[in-house]
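Report on the structure
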Amino acid sequence: MIDTQTAFDRYESLRHALPSATFSPKSQTGRDLSDTAPHYDAYILDAFGVLNRGETAIEGAVERMEDLRASGKRLIVLTNAASYTRVDILAKYHRLGFDFTADEVVSSRDVAFANLPKLTDDDVWAAISAEGDDFSDAPNQATMEDLIANPDLFDTAGGFLFLSTARWKDTNTTALSQALKANPRPLVVANPDLVAPREDGLTIEPGMIAHDILAQTGTDAAFYGKPYDNAFETALARLDGIPRHRIAMVGDTLHTDVLGGAAAGIGTILITDHGLFKGFDVVPYIQKSGIQPDWIVATT
Ligand SMILES: [Mg+2]
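Residues numbered from 1 in each chain as written. Predicted model: local features only at pLDDT ≥ 70, side-chain atom pairs only at ≥ 80, totals over all residues. Heavy atoms only, no water.

Let us look at the pairing of strand 15 (residues 267–271). Consecutive side chains along a regular strand alternate between the two faces of the sheet. Among the five residues that make up strand 15, five are buried, leaving the element largely enclosed by the rest of the structure. Burial along strand 15 is two-sided: Gly-267, Ile-269 and Ile-271 facing one way and Thr-268 and Leu-270 facing the other are all buried. Bridge analysis of strand 14 (residues 247–251) against strand 15 gives four bridges, and the strand direction is parallel. Directly across from Met-249, in strand 15, lies its bridge partner Thr-268. Assessed by its sense of winding, the connection that carries the chain from strand 14 through helix 9 (residues 254–263) to strand 15 is right-handed. With three bridges connecting them, strand 15 and strand 16 (residues 295–297) associate as parallel partners. Looking across to strand 16, one finds that Ile-269 is bridged to Trp-295. For the crossover from strand 15 across helix 10 (residues 283–289) to strand 16, the handedness is right-handed. (Buried < 20%, exposed > 50% of the residue type's maximum accessible area, 1.4 Å probe, protein only. Helix = DSSP H or I, 4+ residues; strand = E, 2+ residues; numbered from the N terminus. Pairing = 2+ DSSP bridges. Right-handed = clockwise from strand over helix to strand, strands pointing away.)

Given below as structure tokens:
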């Protein structure tokens, strides 16, 4: 677990590796998303910190989605959660009370799988995954094996696919850095987040580990998910016909949700009460980073 200041400082240190964007000079403020409704026809919603915190729905979020839908707004969930298959992730939202359809959910896992490079000689992908991940949604010709269960893959895999830090240890970071230095192979990161808000604090996510590995090895990685355009273009393709200025990205982080939304040319709304900035005054962070959302609202 790490704290918000440490996470923010690490994001700032990585600005060179993140998209660039232009921002509004000033944010409007509101109580919740209903205050922004006259300005937008569609919302792209982050999950952690906007819809849920871990396995709990954020209070009022289910009702807000129903109200927005009833007033004709289009909704898309855009999440960097890569530990779940499309079927599992939809089941999770339904369990929490949301009524999203499969067409309304885009995960960074889907984006990574859709863009996964083909390995030579039918080599195996070493997947860094949560316990029980079955990879049933992996693309046709890709063979996935669990790196934690089979450490021989550090040497023998054709590539590494980072989905989850649930079972990852510092010693694994050292081992993967050494393996990539000895024999450079593709590293695909399907969750670029550095941290994620859970019920009891911030957990370290694949983006954080991957950037540590890149710093140690001087090699490269392919990142799929927010704030990169591969994720936003996939989500925006589902909202064909709605002009970008009438679409807003709603999220709890400056460096993934707001930065990525602004880089994609859509509106941006920062939620402050539930995720990364819960309990913090967000203004100094906005000033320091220059990542100014169009709207700042307390809750979903
Ligand atoms: Mg979030």
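What follows concerns the pairing of strand 7 (residues 124–128). Counting buried positions along strand 7 gives five out of five residues, so the element sits mostly inside the fold. Going residue by residue along strand 7, you find Val-124, Ala-126 and Ile-128 tucked away on one face and Trp-125 and Ala-127 tucked away on the opposite face as well. Pairing geometry for strand 7 and strand 9 (residues 159–162), over four bridges, is parallel. Counted as the bridge partner of Ala-127 is Leu-161 from strand 9.

Moving on to the sheet that holds strand 16. Strand order in the open sheet formed by seven strands is 1-16-15-14-2-5-6, and the pairing between neighbours is parallel. In this open sheet, the two strands that pair with only one neighbour each are strand 1 (28–30) and strand 6 (105–107). The average undirected angle you get between the axes of adjacent strands in this sheet is 20°. Note that strand 5 (residues 74–79) and strand 6 share three bridges and pair parallel. Among the inter-strand pairings, Thr-79 is bridged to a residue of strand 6, identified as Ser-107. Most of the contacts of helix 9 go to strand 15, to which it runs at about 165°, and overall it touches strand 14 and strand 15. (Axes fitted to C-alpha atoms, helices over the stretch in contact; angles between N-to-C directions. Contact = heavy atoms within 4.5 Å.)

What follows concerns the packing of helix 6 (residues 170–182) against helix 7 (residues 206–217). Axis separation between helix 6 and helix 7 bottoms out at 9 Å; the angle between their running directions is 45°. The angle between helix 6 and helix 7 falls in the class oblique. Seen from above, helix 6 lies across helix 7 with right-handed handedness. Residue-level contacts link Thr-173, Leu-176, Ser-177, Leu-180 and Lys-181 of helix 6 to Ile-209, Ile-213, Gln-216 and Thr-217 of helix 7. Residue composition of the contact of helix 6 with helix 7, grouped by class: four nonpolar, four polar and one charged. (Parallel < 35°, antiparallel > 145°, perpendicular 65-115°, else oblique. Left-handed = near helix turned anticlockwise from the far one by under 90°. Nonpolar A, V, L, I, M, F, W, Y, C, P; charged D, E, K, R; others polar.)

Looking at the secondary structure, you find Leu-214 in helix 7. Put simply, Leu-214 and Ile-44 are 170 residues apart on the chain and 30 Å apart in space, counted from C-alpha to C-alpha. Leu-214 has contacts with Leu-187, Thr-219, Asp-220, Ala-221 and Phe-223, leaving out every residue within four places of it along the chain.

Turning to the coordination of the magnesium ion, a few remarks are in order. Only Asp-46 (OD), Phe-48 (O) and Asp-252 (OD) from the protein coordinate the magnesium ion, and they sit 2.0 to 2.2 Å from it. Ordering the donors of the magnesium ion by residue number gives the pattern D-x1-F-x203-D. One end of the pair, Asp-46, is in the loop between strand 2 (42–45) and strand 3 (52–53); the other, Asp-252, is in the loop between strand 14 and helix 9, with 206 residues separating them in the sequence. (Donors = N, O, S within 2.8 Å, 3.2 Å for Na, K, Ca; no water.)

Time to look at the domain arrangement of the chain. Annotation of the chain at the domain level lists domain 1 (4–110 + 226–297) and domain 2 (116–223). Placing a centre on the C-alpha atoms of domain 1 and another on those of domain 2 gives a separation of 25 Å. On the domain 2 side, the residues contacting the 26 residues of domain 1 number 23 residues. Between domain 1 and domain 2, the buried area comes to about 2,000 Å², and carbon and sulfur atoms account for 55% of it. Together, Arg-10, Arg-53 and Arg-109 form the three largest contributors to the area buried by domain 1 at its contact with domain 2, with a combined 26%. The salt bridge involving Asp-137 is made with Arg-109; its shortest N-O contact spans 2.7 Å. At the surface where domain 1 touches domain 2, the tally comes to eight residue pairs in polar contact (both at pLDDT 80 or more). Put simply, the parts of the chain that give the side of domain 1 that touches domain 2 at least two residues each are helix 1 (4–13) and helix 4 (108–114). No other element matches helix 1, which puts four residues into the side of domain 1 that touches domain 2. Grouping the amino acids of the side of domain 1 that touches domain 2 by side-chain chemistry returns eight nonpolar, 11 polar and seven charged. (Domains from an automatic or database assignment. Buried area = accessible area lost by both parts, 1.4 Å probe. Salt bridge = Lys/Arg side-chain N within 4 Å of Asp/Glu carboxyl O. Polar contact = N/O pair within 3.5 Å; in protein donor to acceptor, adjacent residues only side chain to side chain.)

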